Amino acid sequence: MTKLKIAYSPCPNDTFVFDAWAHGRVPGAPRLDVTFADIDLTNGWAEAGDAPYDVLKVSYAVLPWILDEYALLPCGGALGRGCGPLVLTRDPDLDLTGRTVAVPSERSTAYLLFRLWAADTVPGGVGEVVVLPFHEIMPAVRDGKVDAGLVIHEARFTYKNYGLHALADMGEHWEHTTGLPIPLGAIVAKRSLGEDTLRLLAESARTSVRMAWDDPVVSRPYVLEHAQEMDPKVADQHIGLYVNEFTADLGETGYAAVRGLLTRAAAEGLVPPLGPDALTFP
């Protein structure tokens, strides 16, 4: 089989999950041609449908637009508890009514969780929403260019370095109102690959993450090489938070969380409604 083209982020959770597979250590797995890309880029590629990628890491939020062409793999992604996006501000008591908020993408799961939270807790509604690259959001809040910023991943561990405060935790709100884990990033693959290949991809991803758990030291050079000068301790925290039992298998609870998020978002008019079999894996 020719190499399959895959795009995922350089974040520690993705490089940890895919290290064994990307380096040919998963027996029987298809070979991979890896591209590193920010989640906003991969979301756009999946939605446009014309990018040459067989497998992509995307936000769960983009699924309603892409499931005709891509199938959701039941493993390899990021979904968990205590790992939700944060709204950061300079003033710990800021009222967000009418305020400008920077977000990393309007197609991201973080943005859906933010909109669902705001619908419940900001009766007057927030003001302008601006999209900024992830790494620019905390400096923009610190420097007063925006009133608040929605951040994800390692920013949970570093925002205090910018003198910022966590106004609200989108994950806490989601877990409190639903009792479900937080769906963040998904692995999808083109349906045109065929059911047998899709099942092989899922098993390859599952084996890759288990191999990383069995011997974490092996993946460390790959993780740190792409962690964008992240402190190794922060990288370890990042992996510990975002790589968990749902990464190996979504299971009933994981699928319930995904359906719950997208059903609620559709009710708010944020995404198109899902068909009854949209999440079914071959």
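K.L.:
Explain the environment of Gly251 to me, please; I cannot follow it from the model alone.
P.N.:
When you line up the elements, Gly251 lands in helix H12 (residues 251–267). Spatially, the C-alpha atoms of Gly251 and Pro74 are 7.6 Å apart, while their sequence positions differ by 177 residues.

K.L.:
Before we go on, may I ask you to explain the sheet that holds strand S7 (residues 101–103) in this structure?
P.N.:
In sheet architecture, strand pairing relies on hydrogen bonds along the backbone and comes in two forms, parallel and antiparallel. Spatially, the five strands line up as an open sheet ordered S8-S7-S9-S6-S10, and their pairing is mixed. The open sheet is flanked by strand S8 (129–131) and strand S10 (165–169), the only strands paired with a single partner. Going from strand to strand, the sheet's axes swing by 30° on average, the running direction of each strand aside. Those strands touched by helix H7 (residues 170–178) are strand S6 (86–89), strand S9 (148–151) and S10, and its axis lies near 25° from that of S10.

K.L.:
When you look at the nonpolar core in this model, what are you seeing that I'm missing?
P.N.:
Across soluble globular proteins, nonpolar side chains show a tendency to be buried alongside one another. Grouped together as the largest cluster of nonpolar side chains are 89 residues, with contacts concentrated most on Val58, Tyr60, Leu63, Phe114 and Trp117. Here this core gets eight residues from one element, more than from any other, and that element is helix H4 (residues 109–121). Here Tyr60 is in contact with Leu72, Ala78, Leu79, Thr109, Pro183, Leu184, Gly185, Ala186, Leu250, Val258, Leu261 and Leu262, once residues within four sequence places are set aside.

K.L.:
Looking at this structure, I do not really get the pattern of salt bridges. What am I missing?
P.N.:
Oppositely charged side chains can form a pair if their charged atoms are brought close together. On inspection of all chains with the given rule, the structure shows twelve salt bridges. Note that Lys57 and Asp14 form a salt bridge whose closest N and O atoms lie 2.5 Å from each other. Of this pair, Lys57 sits in strand S3 (residues 55–59) while Asp14 sits in helix H1 (residues 12–22), and the two are 43 residues apart along the sequence. Take Lys57 and Asp14: they sit in the same class, and that class is buried. The partner of Glu47 in a salt bridge is Arg107, and the shortest N-O contact between them spans 2.9 Å. Here Glu47, found in helix H2 (residues 39–48), pairs with Arg107, found in the loop between S7 and H4; they are 60 residues apart in sequence, far enough to count as distant. Within the structure, one salt-bridge network assembled from shared partners comprises Glu195, Asp196 and Arg199.

K.L.:
Explain the pairing of strand S1 (residues 4–8) here, please?
P.N.:
Regular strands show a simple pattern: their side chains alternate between the two faces of the sheet. The buried count for S1 comes to four of five residues, which makes it a mostly enclosed element. Direction of pairing for S1 relative to strand S2 (residues 32–36): parallel, over a ladder of five bridges. Within S2, the residue paired with Lys5 across the bridge is Asp33. You can see the chain leave S1, run along H1 and come back into S2, and the turn it takes is right-handed.

K.L.:
How should I be thinking about the packing of H1 against helix H10 (residues 232–242) in this particular structure?
P.N.:
How two helices pack is summed up by the angle between their axes together with the distance between the axes. Packing of H1 against H10 leaves a shortest axis separation of 8 Å and a crossing angle of 70°. As judged from the angle between their axes, H1 and H10 are roughly perpendicular. Residue-level contacts link Pro12, Asn13 and Phe16 of H1 to Ala235, His238, Ile239 and Tyr242 of H10. Looking at the contact of H1 with H10 residue by residue, the classes come out as five nonpolar, two polar and no charged.

K.L.:
Is there a simple way to think about the pairing of S9 in this case?
P.N.:
Residues Ala148 and Leu150 of S9 are buried on one face, and the alternating residues Gly149 and Val151, pointing to the opposite face, are buried as well. Here S6 runs beside S9; their pairing, made up of four bridges, is antiparallel. Bridging from a neighbouring strand, Leu88 pairs with Gly149 of S9. Here S7 runs beside S9; their pairing, made up of two bridges, is parallel. Looking at the pairing, Ala102 lines up with Gly149 of S9.

K.L.:
I'm lost on helix H9 (residues 216–225) in this one. Help?
P.N.:
Each turn of an α-helix holds 3.6 residues, which means side chains three or four residues apart point in the same direction. Among the residues of H9, those classed as buried are Ser219, Tyr222 and Val223. Mapping the buried residues of H9 onto a view down its axis gives an arc of 100°, with all of them on the same face. H9 presents Val217, Pro221 and Glu225 as exposed residues on the side facing more than 90 degrees away from its buried surface. In this fold, the buried residues of H9 make contact with S1, H1, S2 and H10.

K.L.:
Can you walk me through H10 in this structure?
P.N.:
Residues of H10 that are buried: Val234, Ala235, His238, Ile239, Leu241 and Tyr242. Projected onto a plane normal to the axis of H10, the buried residues spread over an arc of 165° and lie on a single side. Away from the buried face of H10 by more than 90 degrees, exposed residues Lys233 and Gly240 are located. Against H1, strand S5 (78–80), helix H6 (155–158), strand S11 (182–190), H9 and helix H11 (245–248) lie the buried residues of H10.

So, how was this worked out
- Residues numbered from 1 in each chain as written.
- Predicted model: local features only at pLDDT ≥ 70, side-chain atom pairs only at ≥ 80, totals over all residues.
- Heavy atoms only, no water.
- Helix = DSSP H or I, 4+ residues; strand = E, 2+ residues; numbered from the N terminus.
- Pairing = 2+ DSSP bridges.
- Axes fitted to C-alpha atoms, helices over the stretch in contact; angles between N-to-C directions.
- Contact = heavy atoms within 4.5 Å.
- Core = buried A, V, L, I, M, F, W, Y, C linked by side-chain atoms within 4.5 Å.
- Buried < 20%, exposed > 50% of the residue type's maximum accessible area, 1.4 Å probe, protein only.
- Salt bridge = Lys/Arg side-chain N within 4 Å of Asp/Glu carboxyl O.
- Right-handed = clockwise from strand over helix to strand, strands pointing away.
- Parallel < 35°, antiparallel > 145°, perpendicular 65-115°, else oblique.
- Nonpolar A, V, L, I, M, F, W, Y, C, P; charged D, E, K, R; others polar.
- Arc of directions from axis to C-beta.

Geometric values such as these leave the question of function open.
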